[in-house]
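Commentary on secondary and tertiary structure
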There are 2 protein chains.
Amino acid sequence: MNGDAFDPDCPTRLILDRIGDKWSVLVVLSLRGGPRRFTELRDAIGGVTPKVLTQTLRAMARDGLLTRHVFAEVPPRVEYELTPLGQSLHAPIQAVADWAESHVNEVMAARQAAG
Amino acid sequence: MNGDAFDPDCPTRLILDRIGDKWSVLVVLSLRGGPRRFTELRDAIGGVTPKVLTQTLRAMARDGLLTRHVFAEVPPRVEYELTPLGQSLHAPIQAVADWAESHVNEVMAARQAAG
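For chain A, an unreviewed UniProt entry supplies the name Transcriptional regulator and the organism Planomonospora parontospora.

Structure (structure tokens):
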């Protein structure tokens, strides 16, 4: 049974909060090409603090959107990878990111005009 | 020139915050069919407080996504309507909302399994 974003009691609202979060958006976009390490993600997503990135990755893992692999090496290697559920989220997220990138000037001009 | 969501100094990040906000998402979806009054929006979007709805509408107007029309009637009638820029945002927003509604059970199951 599908959810209903307009129903205040439907958990869809919680999902919208998760996938609407800009750090989650940037993680999904960053993992599109395959698994990446924490430091690779941190470097790719400019401006994210390790604490926020850790919280975002943990929350997305809890939501089944990505997995955290620990390779038994010395030192241990940790990689994050989108699950099939996470991969299915890429298209709508890319559409939102594309809209933001291609309309940023119009929105900023409107903000300036609004004073 | 397009923005870059991965650049921490690019205003695209501000746009992602705006359009990622669940109340903005629900306003765009609600205004898809044409102009609506404040009370119609408030009733359509269950659980939104008048204060949050007012703030969301004001911020979206500042961003050029919708306009607020005041009709000189007694009592005055006020309607909100998506601008062409706001209409162009509908498709990516609908894609995100559709994903959330059709995957809510999988995400909630993952959350339950994660404990």
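There's plenty left to go through after this.
1. Re the side chain of A:Thr83
Residue and element names in this part refer to chain A. Topologically, Thr83 is positioned in the loop between β3 (77-82) and α5 (84-114). The buried category is assigned to Thr83, whose relative accessible area is 13%. Filtering out sequence-adjacent residues up to four positions away, Thr83 remains in contact with Gly64, Leu65, Leu66 and Thr67.

2. What to know about helix α1 (residues 12-20) of chain A
Along α1(A), seven of the nine residues are buried, which leaves the element largely enclosed by surrounding structure. Listed in full, the buried residues belonging to α1(A) are A:Thr12, A:Arg13, A:Ile15, A:Leu16, A:Arg18, A:Ile19 and A:Gly20.

3. Re the relation of the copies chain B and chain A
For the match of chain B to chain A, the screw axis carries a shift of 0.0 Å, the RMSD comes to 0.0 Å, and the turn is 180°. Seen this way, the second copy is the image of the first under a two-fold rotation axis. Identified as the residue of chain B closest to the rotation axis by C-alpha distance is B:Gly20, at 1.9 Å.

4. Observations regarding the pairing of strand β2 (residues 66-71) of chain A
Residues and elements named next belong to chain A. Pairing of β2 with β3 involves six bridges; the strand directions are antiparallel. Looking at β3, one finds that His69 is bridged to Glu79. As consecutive antiparallel partners, β2 and β3 are separated by five residues.

5. Quick word on the sheet that holds strand β2 (residues 66-71) of chain B
Taken together, the three strands give an open sheet; going across it, the order is β1-β3-β2 (chain B), and neighbouring strands pair in antiparallel fashion. Every interior strand has two partners, whereas the edge strands, β1 (36-37) and β2 of chain B, have only one.

6. Quick look at the pattern of salt bridges
Summed over all chains, the structure comprises twelve salt bridges over all chains. Put simply, A:Asp63 and A:Arg18 hold a salt bridge, and the shortest N to O gap is 2.7 Å. With a gap of 45 residues between them, A:Asp63 in the loop between α4 (50-62) and β2 and A:Arg18 in helix α1 connect regions that are remote in the sequence. The burial state of A:Asp63 is the same as that of A:Arg18; both residues are buried. A:Glu73 is the partner of A:Arg77 in a salt bridge, and the nearest nitrogen-oxygen pair spans 2.9 Å. Linked by salt bridges that have partners in common, A:Arg18, A:Asp63 and B:Arg111 make up one network.

Each value, and the rule that gives it
- Residues numbered from 1 in each chain as written.
- Chains lettered and ligands numbered in written order.
- Predicted model: local features only at pLDDT ≥ 70, side-chain atom pairs only at ≥ 80, totals over all residues.
- Heavy atoms only, no water.
- Helix = DSSP H or I, 4+ residues; strand = E, 2+ residues; numbered from the N terminus.
- Buried < 20%, exposed > 50% of the residue type's maximum accessible area, 1.4 Å probe, protein only.
- Contact = heavy atoms within 4.5 Å.
- Least-squares fit on C-alpha atoms with pLDDT ≥ 70 in both.
- Pairing = 2+ DSSP bridges.
- Salt bridge = Lys/Arg side-chain N within 4 Å of Asp/Glu carboxyl O.

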